[in-house]
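Reading the structure
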Amino acid sequence: MSLDGKVAVVTGGSRGIGRSICLRLASMGAVVYINYVSRTEAALETRKRILADGGKAEIVEFDVSDSVAVTGAFKNIAAEAGPVEILVNNAGITRDGLMARMKEADWDAVIDINLKGVFLCSKVASRGMMKKKWGRIVNISSVSGFAGNPGQVNYAAAKAGLTGLTKAMAREYGSRNITVNSVAPGYIQTEMTDLLDEDIKEQLKSEIPLGYLGNTEDVAGAVAYLISEDGRYVTGQSLHVNGGMYM
Ligand code: NDP
(Lines give C-alpha, C1' and ligand atoms only; values in the text may rest on other atoms or scores of the structure.)
Protein backbone atom coordinates (compact mmCIF):
# COMPACT_ATOMS: atom_id res chain seq x y z
CA MET A 1 0.00 0.00 0.00
CA SER A 2 1.25 3.49 -0.76
CA LEU A 3 1.31 6.00 2.05
CA ASP A 4 1.50 8.54 -0.68
CA GLY A 5 3.43 11.46 0.81
CA LYS A 6 1.63 11.20 4.17
CA VAL A 7 3.64 12.77 6.99
CA ALA A 8 4.79 10.30 9.62
CA VAL A 9 6.60 10.85 12.90
CA VAL A 10 8.44 7.95 14.50
CA THR A 11 9.66 8.75 18.00
CA GLY A 12 12.99 7.16 18.81
CA GLY A 13 13.53 6.53 15.12
CA SER A 14 17.29 6.94 15.22
CA ARG A 15 18.13 3.31 15.90
CA GLY A 16 16.85 -0.13 16.89
CA ILE A 17 13.19 -0.91 16.25
CA GLY A 18 12.40 2.73 15.45
CA ARG A 19 14.95 2.81 12.62
CA SER A 20 13.36 -0.22 10.96
CA ILE A 21 9.92 1.37 11.30
CA CYS A 22 11.23 4.57 9.67
CA LEU A 23 12.73 2.60 6.78
CA ARG A 24 9.54 0.63 6.29
CA LEU A 25 7.20 3.64 6.32
CA ALA A 26 9.49 5.53 3.94
CA SER A 27 9.48 2.55 1.59
CA MET A 28 5.68 2.76 1.61
CA GLY A 29 5.85 6.38 0.47
CA ALA A 30 5.57 8.32 3.74
CA VAL A 31 7.60 11.44 4.46
CA VAL A 32 9.23 10.30 7.68
CA TYR A 33 10.31 12.52 10.54
CA ILE A 34 12.91 10.63 12.51
CA ASN A 35 12.79 11.71 16.14
CA TYR A 36 15.67 11.22 18.55
CA VAL A 37 16.85 12.81 21.77
CA SER A 38 20.64 12.64 21.87
CA ARG A 39 22.22 10.58 19.09
CA THR A 40 22.17 12.88 16.08
CA GLU A 41 24.61 10.67 14.16
CA ALA A 42 22.30 7.67 14.46
CA ALA A 43 19.31 9.71 13.29
CA LEU A 44 21.30 11.01 10.33
CA GLU A 45 22.29 7.45 9.46
CA THR A 46 18.60 6.42 9.40
CA ARG A 47 17.87 9.39 7.13
CA LYS A 48 20.81 8.55 4.88
CA ARG A 49 19.53 5.00 4.39
CA ILE A 50 16.05 6.26 3.53
CA LEU A 51 17.36 8.78 1.01
CA ALA A 52 19.60 6.12 -0.54
CA ASP A 53 16.47 4.01 -1.11
CA GLY A 54 14.74 6.97 -2.80
CA GLY A 55 12.55 7.86 0.19
CA LYS A 56 11.91 11.12 2.00
CA ALA A 57 12.98 11.81 5.58
CA GLU A 58 14.04 14.51 8.00
CA ILE A 59 15.43 14.32 11.50
CA VAL A 60 13.81 16.06 14.46
CA GLU A 61 15.29 16.27 17.93
CA PHE A 62 13.01 16.48 20.94
CA ASP A 63 12.44 14.78 24.26
CA VAL A 64 9.05 13.06 24.13
CA SER A 65 8.50 13.75 27.84
CA ASP A 66 8.93 17.52 27.43
CA SER A 67 5.55 19.00 26.55
CA VAL A 68 6.94 22.34 25.33
CA ALA A 69 9.46 20.62 23.06
CA VAL A 70 6.83 18.20 21.73
CA THR A 71 4.35 20.98 20.93
CA GLY A 72 7.02 23.06 19.21
CA ALA A 73 8.32 20.14 17.14
CA PHE A 74 4.91 19.08 15.84
CA LYS A 75 4.08 22.71 15.02
CA ASN A 76 7.28 23.03 13.00
CA ILE A 77 6.67 19.75 11.18
CA ALA A 78 3.12 20.79 10.27
CA ALA A 79 4.40 24.13 8.97
CA GLU A 80 7.11 22.44 6.92
CA ALA A 81 5.35 19.37 5.56
CA GLY A 82 1.69 19.47 6.57
CA PRO A 83 -0.25 17.82 9.40
CA VAL A 84 1.12 14.60 10.84
CA GLU A 85 -1.15 11.73 9.83
CA ILE A 86 0.91 8.82 11.13
CA LEU A 87 2.46 8.66 14.59
CA VAL A 88 4.48 5.75 15.88
CA ASN A 89 5.21 6.17 19.58
CA ASN A 90 8.30 4.03 19.77
CA ALA A 91 10.74 5.97 22.01
CA GLY A 92 11.40 4.07 25.19
CA ILE A 93 13.98 3.44 27.88
CA THR A 94 14.60 0.91 30.60
CA ARG A 95 15.94 1.61 34.10
CA ASP A 96 15.78 -1.88 35.52
CA GLY A 97 16.15 -2.86 39.17
CA LEU A 98 14.31 -4.88 41.74
CA MET A 99 11.42 -2.95 43.29
CA ALA A 100 12.94 -2.91 46.80
CA ARG A 101 15.97 -1.08 45.48
CA MET A 102 14.44 0.93 42.66
CA LYS A 103 15.11 4.63 42.90
CA GLU A 104 12.16 6.98 42.57
CA ALA A 105 14.04 8.77 39.78
CA ASP A 106 14.18 5.53 37.79
CA TRP A 107 10.44 5.04 38.23
CA ASP A 108 9.74 8.62 37.13
CA ALA A 109 12.07 8.55 34.10
CA VAL A 110 10.53 5.38 32.69
CA ILE A 111 6.94 6.52 33.27
CA ASP A 112 7.69 9.97 31.84
CA ILE A 113 9.29 8.77 28.62
CA ASN A 114 7.44 5.49 27.98
CA LEU A 115 3.93 6.56 29.04
CA LYS A 116 3.59 10.33 29.42
CA GLY A 117 5.56 10.82 26.21
CA VAL A 118 2.95 8.83 24.31
CA PHE A 119 0.17 10.96 25.78
CA LEU A 120 1.96 14.21 24.87
CA CYS A 121 2.85 13.24 21.29
CA SER A 122 -0.54 11.66 20.57
CA LYS A 123 -2.45 14.64 21.96
CA VAL A 124 -0.63 17.09 19.69
CA ALA A 125 -0.51 14.84 16.61
CA SER A 126 -4.18 13.91 16.78
CA ARG A 127 -5.22 17.53 16.12
CA GLY A 128 -3.93 17.36 12.55
CA MET A 129 -5.37 13.88 12.09
CA MET A 130 -8.80 15.12 13.15
CA LYS A 131 -8.63 17.90 10.55
CA LYS A 132 -7.63 15.34 7.90
CA LYS A 133 -10.27 12.88 9.09
CA TRP A 134 -7.63 10.17 8.78
CA GLY A 135 -4.93 9.06 11.14
CA ARG A 136 -2.90 6.14 12.41
CA ILE A 137 -1.31 5.92 15.84
CA VAL A 138 0.75 2.89 16.83
CA ASN A 139 2.20 2.61 20.31
CA ILE A 140 5.14 0.29 20.86
CA SER A 141 4.41 -1.62 24.03
CA SER A 142 6.18 -4.73 25.33
CA VAL A 143 5.57 -8.28 26.46
CA SER A 144 6.61 -6.98 29.91
CA GLY A 145 3.43 -4.91 30.04
CA PHE A 146 1.35 -8.09 29.68
CA ALA A 147 3.32 -10.79 31.46
CA GLY A 148 5.26 -8.62 33.95
CA ASN A 149 8.97 -9.07 34.45
CA PRO A 150 11.03 -9.06 37.63
CA GLY A 151 13.26 -5.99 37.76
CA GLN A 152 10.92 -3.99 35.58
CA VAL A 153 8.07 -2.69 37.74
CA ASN A 154 8.52 0.76 36.21
CA TYR A 155 8.74 -0.47 32.61
CA ALA A 156 5.94 -3.05 32.99
CA ALA A 157 3.67 -0.41 34.55
CA ALA A 158 4.38 2.08 31.77
CA LYS A 159 3.78 -0.49 29.03
CA ALA A 160 0.64 -1.85 30.70
CA GLY A 161 -0.53 1.76 30.95
CA LEU A 162 -0.16 2.02 27.19
CA THR A 163 -2.77 -0.71 26.74
CA GLY A 164 -5.38 1.37 28.57
CA LEU A 165 -4.32 4.55 26.80
CA THR A 166 -4.53 2.81 23.42
CA LYS A 167 -8.04 1.48 24.05
CA ALA A 168 -9.38 4.75 25.45
CA MET A 169 -7.90 6.71 22.54
CA ALA A 170 -9.29 4.23 20.03
CA ARG A 171 -12.77 4.84 21.46
CA GLU A 172 -12.34 8.63 21.48
CA TYR A 173 -10.93 8.94 17.97
CA GLY A 174 -12.71 6.17 16.05
CA SER A 175 -15.43 8.47 14.72
CA ARG A 176 -12.69 10.62 13.13
CA ASN A 177 -11.30 7.67 11.17
CA ILE A 178 -8.21 7.54 13.38
CA THR A 179 -7.10 4.10 14.48
CA VAL A 180 -5.01 3.60 17.61
CA ASN A 181 -3.27 0.29 18.27
CA SER A 182 -0.25 -1.08 20.04
CA VAL A 183 2.41 -3.54 19.00
CA ALA A 184 3.91 -5.54 21.84
CA PRO A 185 7.30 -6.99 20.94
CA GLY A 186 8.88 -9.84 22.83
CA TYR A 187 12.67 -9.99 22.83
CA ILE A 188 14.06 -8.21 19.81
CA GLN A 189 17.74 -7.90 19.01
CA THR A 190 18.66 -4.20 19.60
CA GLU A 191 20.99 -2.18 21.82
CA MET A 192 18.34 -2.46 24.54
CA THR A 193 18.59 -6.27 24.62
CA ASP A 194 22.36 -6.26 23.92
CA LEU A 195 22.61 -5.11 27.55
CA LEU A 196 21.42 -8.57 28.71
CA ASP A 197 23.96 -11.21 29.78
CA GLU A 198 24.49 -14.12 27.38
CA ASP A 199 23.15 -16.67 29.88
CA ILE A 200 19.96 -14.63 30.29
CA LYS A 201 19.57 -14.48 26.50
CA GLU A 202 19.97 -18.27 26.30
CA GLN A 203 17.36 -18.72 29.01
CA LEU A 204 15.00 -16.36 27.18
CA LYS A 205 15.37 -18.31 23.96
CA SER A 206 14.33 -21.46 25.78
CA GLU A 207 11.05 -19.71 26.73
CA ILE A 208 10.27 -18.70 23.15
CA PRO A 209 8.36 -21.37 21.17
CA LEU A 210 9.96 -20.20 17.93
CA GLY A 211 13.36 -20.53 19.63
CA TYR A 212 15.04 -17.28 18.64
CA LEU A 213 15.01 -13.54 19.33
CA GLY A 214 13.07 -11.47 16.83
CA ASN A 215 14.56 -8.75 14.70
CA THR A 216 13.53 -5.16 14.23
CA GLU A 217 11.91 -5.85 10.84
CA ASP A 218 9.50 -8.26 12.54
CA VAL A 219 8.15 -5.33 14.53
CA ALA A 220 8.24 -2.91 11.58
CA GLY A 221 6.11 -5.35 9.57
CA ALA A 222 3.42 -5.41 12.25
CA VAL A 223 3.41 -1.61 12.44
CA ALA A 224 3.17 -1.38 8.65
CA TYR A 225 0.14 -3.67 8.65
CA LEU A 226 -1.71 -1.55 11.21
CA ILE A 227 -0.97 1.62 9.25
CA SER A 228 -1.80 0.14 5.85
CA GLU A 229 -5.23 -0.08 4.23
CA ASP A 230 -5.30 -3.78 5.20
CA GLY A 231 -5.40 -2.71 8.85
CA ARG A 232 -8.06 -0.04 8.53
CA TYR A 233 -10.72 -1.94 10.52
CA VAL A 234 -8.37 -2.78 13.41
CA THR A 235 -8.38 -0.38 16.35
CA GLY A 236 -7.82 -0.57 20.09
CA GLN A 237 -5.84 -3.78 19.71
CA SER A 238 -2.47 -5.07 20.87
CA LEU A 239 -0.57 -7.05 18.29
CA HIS A 240 1.95 -9.39 19.93
CA VAL A 241 5.19 -9.97 18.04
CA ASN A 242 7.04 -12.28 20.37
CA GLY A 243 7.73 -15.70 18.85
CA GLY A 244 4.96 -17.09 21.05
CA MET A 245 6.63 -16.35 24.39
CA TYR A 246 3.37 -14.82 25.67
CA MET A 247 -0.04 -15.90 24.38
P1 NDP B 1 16.82 1.44 21.63
O2 NDP B 1 17.36 1.63 23.01
O3 NDP B 1 17.60 0.70 20.61
O4 NDP B 1 16.43 2.89 21.02
C5 NDP B 1 15.69 3.78 21.80
C6 NDP B 1 15.24 4.93 20.94
O7 NDP B 1 14.44 5.82 21.73
C8 NDP B 1 16.40 5.78 20.41
O9 NDP B 1 16.06 6.23 19.14
C10 NDP B 1 16.46 6.94 21.40
O11 NDP B 1 17.02 8.13 20.84
C12 NDP B 1 14.99 7.13 21.68
N13 NDP B 1 14.70 7.84 22.92
C14 NDP B 1 15.03 7.48 24.19
N15 NDP B 1 14.58 8.40 25.05
C16 NDP B 1 13.94 9.35 24.33
C17 NDP B 1 13.27 10.57 24.65
N18 NDP B 1 13.16 11.00 25.91
N19 NDP B 1 12.74 11.30 23.64
C20 NDP B 1 12.86 10.90 22.36
N21 NDP B 1 13.49 9.76 21.99
C22 NDP B 1 14.02 9.00 22.96
O23 NDP B 1 15.37 0.79 21.86
P24 NDP B 1 14.63 -0.39 21.08
O25 NDP B 1 14.69 -0.15 19.63
O26 NDP B 1 15.08 -1.68 21.62
O27 NDP B 1 13.13 -0.17 21.61
C28 NDP B 1 12.19 0.62 20.91
C29 NDP B 1 10.85 0.46 21.59
O30 NDP B 1 10.48 -0.92 21.60
C31 NDP B 1 10.83 0.92 23.05
O32 NDP B 1 9.59 1.53 23.34
C33 NDP B 1 10.96 -0.37 23.82
O34 NDP B 1 10.42 -0.27 25.09
C35 NDP B 1 10.19 -1.32 22.93
N36 NDP B 1 10.52 -2.72 23.10
C37 NDP B 1 11.78 -3.20 22.80
C38 NDP B 1 12.05 -4.54 22.95
C39 NDP B 1 13.37 -5.13 22.61
O40 NDP B 1 13.52 -6.34 22.83
N41 NDP B 1 14.32 -4.40 22.09
C42 NDP B 1 11.04 -5.47 23.46
C43 NDP B 1 9.78 -4.87 23.74
C44 NDP B 1 9.54 -3.55 23.55
P45 NDP B 1 18.64 8.40 20.85
O46 NDP B 1 19.20 7.54 19.75
O47 NDP B 1 18.77 9.86 20.57
O48 NDP B 1 19.12 8.00 22.21
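Our subject in this report is the structure included herewith.

Conventions used here
Residues numbered from 1 in each chain as written. Predicted model: local features only at pLDDT ≥ 70, side-chain atom pairs only at ≥ 80, totals over all residues. Heavy atoms only, no water. Helix = DSSP H or I, 4+ residues; strand = E, 2+ residues; numbered from the N terminus. Expected span 1.5 Å × (residues − 1). Contact = heavy atoms within 4.5 Å. Polar contact = N/O pair within 3.5 Å; in protein donor to acceptor, adjacent residues only side chain to side chain. Core = buried A, V, L, I, M, F, W, Y, C linked by side-chain atoms within 4.5 Å. Buried < 20%, exposed > 50% of the residue type's maximum accessible area, 1.4 Å probe, protein only. Near = heavy atom within 4 Å. Areas by Shrake-Rupley, 256 points an atom, 1.4 Å probe, with all protein chains shown as cover. Nonpolar A, V, L, I, M, F, W, Y, C, P; charged D, E, K, R; others polar. Pairing = 2+ DSSP bridges. Right-handed = clockwise from strand over helix to strand, strands pointing away. Axes fitted to C-alpha atoms, helices over the stretch in contact; angles between N-to-C directions.

All right, on to helix α3 (residues 67–81) then. With 15 residues, α3 should cover 21 Å at 1.5 Å per step; its first-to-last C-alpha distance of 21 Å lies within 8% of that length. Close packing links the buried residues of α3 with β1 (7–10), β2 (31–36), β3 (56–61), β4 (84–89) and α4 (104–132). Taking the backbone nitrogen of V68 as reference, a side-chain oxygen 3.1 Å away marks D66 as the first, capping residue of α3. Just beyond α3, the residue with positive phi is G82, at close to 110°.

Here the focus is the nonpolar core. Grouped together as the largest cluster of nonpolar side chains are 32 residues, with contacts concentrated most on I21, L25, V32, V88, V183 and V223. Contributing elements (two or more residues each) for this core: β1, α1 (16–27), β2, α2 (40–52), β4, β5 (135–140) and α9 (216–227). No other element matches the seven residues that α9 contributes to this core. With residues up to four places along the chain from it excluded, the contact list for I21 reads V10, V88, N90, I140, A220 and V223. In terms of nonpolar packing, the next biggest core, distinct from the first, is built from 28 residues, V31, V60, V84 and C121 among them.

A few words now on the site of the ligand. Of all residues adjacent to the ligand, which total 31 residues, the nearest are S14, S38, N90, Y155 and T190. In the model, an oxygen atom of the ligand is placed 2.5 Å from a nitrogen or oxygen of the Y155 side chain. For the ligand, an oxygen atom lies 2.9 Å from a polar atom in the side chain of K159. Here the ligand has 910 Å² of accessible area as a free molecule, and 95% of this is covered by the chains. Mapped by element, the contributors of at least two residues to the shell around the ligand are α1, β2, α6 (153–173) and α7 (191–194). Of the residues that constitute the shell around the ligand, the class distribution is 14 nonpolar, 13 polar and four charged.

Taking 1.5 Å of rise per residue, the 12 residues of α9 would be expected to cover 16 Å, and the 17 Å separating its terminal C-alpha atoms lies within 8% of that figure. Those residues of α9 that fall on the buried side of the exposure criterion are T216, V219, A220, A222, V223, A224, L226 and I227. Those residues of α9 hidden inside the fold are in contact with α1, β4, β5, β6 (178–185) and β7 (238–241). Near the N-terminus of α9, the side chain that reaches the backbone nitrogen of E217, with its oxygen 3.1 Å away, is that of N215.

The alternating pattern of β1 places V7 and V9 and A8 and V10 on opposite faces, both of which are buried. As judged from the four bridges shared by β1 and β2, these two strands associate in the parallel manner. Residue pairing across strands places V7 opposite V31, the latter belonging to β2. After leaving β1, the chain enters α1 and then returns to the sheet as β2, a path that is right-handed. Pairing geometry for β1 and β4, over four bridges, is parallel. The partner of A8 across the bridge, within β4, is I86.

Looking now at the sheet that holds β3. Taken in spatial order, the seven strands of this open sheet run β3-β2-β1-β4-β5-β6-β7, and their pairing is parallel. With partners counted over all chains shown, the strands left at the sheet margins are β3 and β7, one partner each. The sheet shows a mean angle of 20° between the axes of neighbouring strands, direction not considered. Across the sheet, α2 touches β2 and β3, and the angle it forms with β3 is around 170°. Docked against the sheet, α4 engages β4, β5 and β6, running at close to 160° with respect to β4.

With a phi angle near 55°, K133 is a residue other than glycine that sits in the positive phi range. If you trace the backbone, K133 turns up in the loop between α4 and β5. Its relative accessible area of 59% is what places K133 among the exposed residues. One non-glycine residue with positive phi stands out, namely N177, at about 65°. Among the structural elements, N177 can be located in the loop between α6 and β6.

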